[in-house]
Amino acid sequence: MEASWASDRGLYVLWDNFLGKKFQADGRGPDVYDCYGLCIAVLAEQNIILPDYQVGDMLERQHHLFMFESETNFIKIPEPIPFCLVAFSVINPYVTHIGVVHPDLDKFIHLLNNRPSCIEPLNRPTWKNRKIGYYIHASISQNP
């Protein structure tokens, strides 16, 4: 896609469609999601298809998927790009949370089990100090 796509009005409608959704373990929409399910849905609207992992509330399994599956399916990138994933360690030492970076690069969309989906600044201390890194799906890096 061209760089101008970020200013298209349709993009902001997309984000609005995913705000206020409730959390449910292994939720895949349209009204309930877990954090990764929300990522799947948001990126699907951009024709980016993520593999679906359902792990419930098992921290060790979530950590394994975020860290070790990422070696084959995801590529860590040094800086955020629009619609990349951002991973966090909410419960140390595990990687247990993920969201999608907003096209303006300083916010991300996500949800937690105790509040609905929202857009928050990446530099908020809650997130800045827990950020593990930014990732893109391997299929994106192979596209011309």
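Criteria and cut-off values
Residues numbered from 1 in each chain as written. Predicted model: local features only at pLDDT ≥ 70, side-chain atom pairs only at ≥ 80, totals over all residues. Heavy atoms only, no water. Helix = DSSP H or I, 4+ residues; strand = E, 2+ residues; numbered from the N terminus. Buried < 20%, exposed > 50% of the residue type's maximum accessible area, 1.4 Å probe, protein only. Contact = heavy atoms within 4.5 Å. Areas by Shrake-Rupley, 256 points an atom, 1.4 Å probe, with all protein chains shown as cover. Pairing = 2+ DSSP bridges. pLDDT = per-residue confidence, 0-100. Salt bridge = Lys/Arg side-chain N within 4 Å of Asp/Glu carboxyl O.

## Regarding the overall build of the protein chain
A tally of helices and strands in the protein chain yields 5 helices and 8 strands. Order of helices (α) and strands (β) in the protein chain, N terminus to C terminus: α-β-β-α-α-β-β-β-β-β-α-β-α. When each of the 144 residues of the protein chain is scored for burial, the buried share is 44%. When contacts within the protein chain are restricted to residue pairs at least 6 apart in sequence, long-range pairs at least 24 apart make up 54% of them. Of the roughly 7900 Å² that the protein chain leaves accessible, carbon and sulfur atoms contribute 52%.

## Structural notes on the pairing of strand β4 (residues 85-88)
Of the two faces of β4, both are covered, the one formed by L85 and A87 as well as the one formed by V86 and F88. As paired elements, β4 and strand β8 (residues 131-137) share 4 bridges and run antiparallel to each other. Residue pairing for β8: L85 is matched across the bridge by Y135.

## Quick word on the confidence of the model for the protein chain
Confidence along the protein chain averages 80 in pLDDT terms, with 74% of residues attaining 70 or more. Confidence drops under a pLDDT of 50 for residues 1-10, and excluding neighbours within four residues, the segment shows 9 contacts in the predicted structure.

## A short note on the environment of Q24
Here Q24 shows up in the loop between β1 (22-23) and β2 (32-33). Along the backbone, Q24 and L112 are 88 residues apart, and their C-alpha atoms lie at a distance of 9.2 Å.

## A closer look at the environment of I81
The residue I81 is located in the loop between β3 (74-77) and β4 in this model. Each C-alpha atom of the pair I81 and H102 lies 8.3 Å from the other, and the pair is 21 residues apart in sequence.

## Describing the pattern of salt bridges
According to the stated counting rule, one finds 6 salt bridges in the structure shown. For the salt bridge of R124 with E120, the shortest nitrogen-to-oxygen distance reads 2.3 Å. Among the residues examined, E120 registers a relative accessible area of 5% and is labelled buried. Salt bridges linked by common partners bring R28, D34 and D52 together as one network.

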